[in-house]
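A structural walkthrough
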Amino acid sequence: MPIRPFSREQTWMFPPTLDELVPADHPARYVAAFVDGLTRADWLGLGVAPAGEARGAPGYAPAALLGAWLYGFMTGVRSSRKLEGACRDHLAYLWLTGWQRPDHNTLWRFYQAHRAGMRALLKRTVRVAVATGLVDLAVQAVDGTRVAGSAARERTLDAAGLADLLGRVETAIADLEAQNTGGDDPPPARLPAELARAAALRARVLEALARVTDAGGPHRANVTDPDATLQTRRGGGFQVGYNPQAMLAGVHAPQPGASGGLLITAADVTADRDDHGQLVPLLEQAEAATGAPIPELQADGGYHSAANLAACEARGQVIVMPDPQAPRPDQPYHKDRFVHDPETDTYTCPQGQVLPFVGLDTRTAGGPPIRRYRADPTVCAACPVRAACTTAKMTGRSITISPDDARLRRHRAFMATDAARDAYRRRKTLPEPAFGILKEQQGARRFLLRGLANVRDEWSLLATAFNLRTLAGLWQAAACPARPRAA
């Protein structure tokens, strides 16, 4: 076939306009429309003076810097230096910044000063999406994932390790100070770089040691990022990082045959490995963002607890959540198979043996009252299924009943229904694809900032960018480049 003419020295008779360089349906245009839709009050809420200051050298337009950061988080460009390169080399970023090229220091200062205020943008993306009428608010799912922090696992030490490290740092500082105070030369105006780094390390070690030795504190602390903790990894082992959380809702396609999407209605980060305490706060955050209650909430077994069930019951909240302690088919003598008689306050086992009340469990002093029921040991000794029912050698089978036992049983019965099982099978279509996009396409396999407060800001901006990806996709499918407006 013939070859097209090729030359790197082409010229234009009329130079192209900036607007011609980016297609009309490019996602960057949606980001620009979203940023341009911010009101003066929105900008002030971000801590930005949209009109600039009366004095001083002219600065970059806040809309240009915010647009670059939002599009960067959408496309996995999350460091200020990489963003500087993108604003220099990529047409979409050049279009967003008006062909200006902010350097990494300018980009970083804007991000550092306003990233906490940017958390409000997540709620705005949710309101914009809800205003389209395409968000399925009837069913939402909550889940967490593990993301590595900006710290090495080897820097997570216990009290003894921190004390040893502190001693070595003190020795190194003493040596450096001796090297810089000898002779008749005047002392330097500032600490030498090596000594300054050692002094900063000593401060971090002392902070970590204070945390570990504090009553009720962790057993180990990381010297680089004291807020980061050891988190389990899906493939096994541990990593130093955080436990980000998200609430997800489905988004319908605007036209038949087009693909829909997902929307993050709430997001937060915790350093705890346990998910139990995150369910209710995320539920409340999602309802505040969407302005509507959640008819059906889906969660995995990591959130299951009697406290969460009680909170949802008090709110009238339907929650589809498996119980890790629910009886399995191969457990015919689980305590849920025992039938209670309220008149005699006894339980009857599947073999017909009666277990009377024998008193409160003394091992739960200070906690809720736990009632214990125990069968006659002589009857249990003669039972043909004793080995499958109990491992007690000298006593009969016993069961304990907490004040939450009735609530737990009701929820287990609900989860055994076909409707609950079908709903839980659909849960995996919400959080898992979203976390995959966040990690693979938005580069969220590792946090770049340190400290829980900073990491929360970073995760919130990742969630905001995720929602903008969804909204830009719907905008492209609808072929309607109208300015997005919140409800």
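The structure under discussion appears in the preceding block.
Structural notes, computed from the coordinates. (Residues numbered from 1 in each chain as written. Predicted model: local features only at pLDDT ≥ 70, side-chain atom pairs only at ≥ 80, totals over all residues. Heavy atoms only, no water.)

1. Here we look at the packing of aromatic side chains
The relative placement of two aromatic rings is captured by the distance of their centres and the angle of their planes. Enumeration over the complete set of coordinates arrives at 11 aromatic pairs. Aromatic side chains Y347 and Y373 sit 4.9 Å apart centroid to centroid with 70 degrees between the ring planes, which places their arrangement in the edge-to-face category. One end of the pair, Y347, is in strand β11 (residues 346-348); the other, Y373, is in strand β13 (residues 371-374), and 26 residues separate them in sequence. Three or more aromatic residues joined by ring pairs make a cluster, and in this case those are W69, F73, W108 and Y111. Over the aromatic face of F73 sits the side chain of R78, whose NZ or CZ is 5.9 Å from the ring centroid. If you follow R371 out to its NZ or CZ, it ends over the ring of F357, 3.8 Å from the centre. (Phe/Tyr/Trp six-rings, centres within 6.5 Å; stacked < 30°, edge-to-face > 60°. Helix = DSSP H or I, 4+ residues; strand = E, 2+ residues; numbered from the N terminus. Lys NZ or Arg CZ within 6 Å of the ring centre and 35° of its normal.)

2. A few points about the nonpolar core
Counting residues in each nonpolar core, the largest one holds 76 residues, and the members touching the most others are L66 and L70. Looking at this core, the element that brings in the most residues is helix α17 (residues 452-478), giving 13 residues. The residues contacting L70, other than those within four sequence positions of it, are V31, F34, V35, L121, L461, T464, A465 and L468. If you look at the next biggest cluster of nonpolar residues, it comprises 18 residues, including L279, L282, L283 and L297. (Core = buried A, V, L, I, M, F, W, Y, C linked by side-chain atoms within 4.5 Å. Buried < 20%, exposed > 50% of the residue type's maximum accessible area, 1.4 Å probe, protein only. Contact = heavy atoms within 4.5 Å.)

3. With respect to the state of the cysteines
Between two cysteines, a covalent bond joining their sulfur atoms is known as a disulfide. In the structure shown here, the tally under the stated rule is 0 disulfides. Left without a disulfide partner, C380 is nearest to the cysteine sulfur of C389, which lies 6.3 Å away. Free cysteine: C383, not disulfide-bonded; nearest cysteine sulfur from C349 at 6.4 Å. You can call C383 partly exposed: its relative accessible area is 24%. (Disulfide = S-S within 2.5 Å.)

4. Some words on the sheet that holds β11
Strands sit in the order β10-β11-β12-β13-β14 across an open sheet of 5 strands; the sheet is antiparallel. The two strands at the open ends of the sheet, each matched to only one other strand, are β10 (339-341) and β14 (398-401). With strand direction ignored, the average angle separating the axes of adjacent strands in the sheet is 30 degrees. Two strands pair when backbone bridges link them, and β13 and β14 are joined in this way by 4 bridges, in the antiparallel orientation. (Pairing = 2+ DSSP bridges. Axes fitted to C-alpha atoms, helices over the stretch in contact; angles between N-to-C directions.)

5. Considering α17
With 27 residues, α17 should reach 39 Å at 1.5 Å per residue; the first-to-last C-alpha distance of 39 Å fits that figure. Counting buried positions along α17 gives 19 out of 27 residues, so the element sits mostly inside the fold. (Expected span 1.5 Å × (residues − 1).)

6. Remarks on the side chain of R78
Among the secondary structure elements, R78 is positioned in the loop between α3 (62-75) and α4 (80-89). Polar contacts involving the side chain of R78 include one to the main-chain carbonyl oxygen of G443, which spans 2.4 Å. A distance of 3.1 Å separates a polar atom in the side chain of R78 from the backbone oxygen of R446. Ignoring anything within four residues of it in the chain, the contact list for R78 reads W69, F73, Q442, G443, A444, R446, F447, L448, E458 and L462. (Polar contact = N/O pair within 3.5 Å; in protein donor to acceptor, adjacent residues only side chain to side chain.)

7. Remarks on the packing of α3 against α17
At a minimum axis distance of 8 Å, the contact between α3 and α17 shows a crossing angle of 80 degrees. In terms of orientation, α3 and α17 fall into the roughly perpendicular class. Residues L70, F73 and M74 of α3 touch α17, and the partners they reach there are E458, L461, L462, T464, A465, L468 and R469. When the residues that make up the contact of α3 with α17 are grouped by side-chain class, the tally is 7 nonpolar, 1 polar and 2 charged. (Parallel < 35°, antiparallel > 145°, perpendicular 65-115°, else oblique. Nonpolar A, V, L, I, M, F, W, Y, C, P; charged D, E, K, R; others polar.)

8. Concerning the pairing of strand β1 (residues 135-144)
Every other side chain in a regular strand lies on the same face of the sheet, so the side chains alternate between the two faces. Summarising burial for β1: 7 of the 10 residues are buried, a large majority. In the sheet, β1 pairs with strand β6 (residues 238-251) via 7 bridges, with the strands oriented antiparallel. Among the inter-strand pairings, G144 is bridged to a residue of β6, identified as Q245. Direction of pairing for β1 relative to strand β8 (residues 296-298): parallel, over a ladder of 3 bridges. The partner of Q140 across the bridge, within β8, is L297.

9. Looking at the environment of L166
With respect to the secondary-structure elements, L166 resides in helix α8 (residues 159-181). Along the chain, L166 and L206 lie 40 residues apart, while their C-alpha atoms are 7.5 Å from each other. Ignoring any residue separated from it by four or fewer positions in sequence, one finds L166 in contact with R202, V205, L206 and L209.

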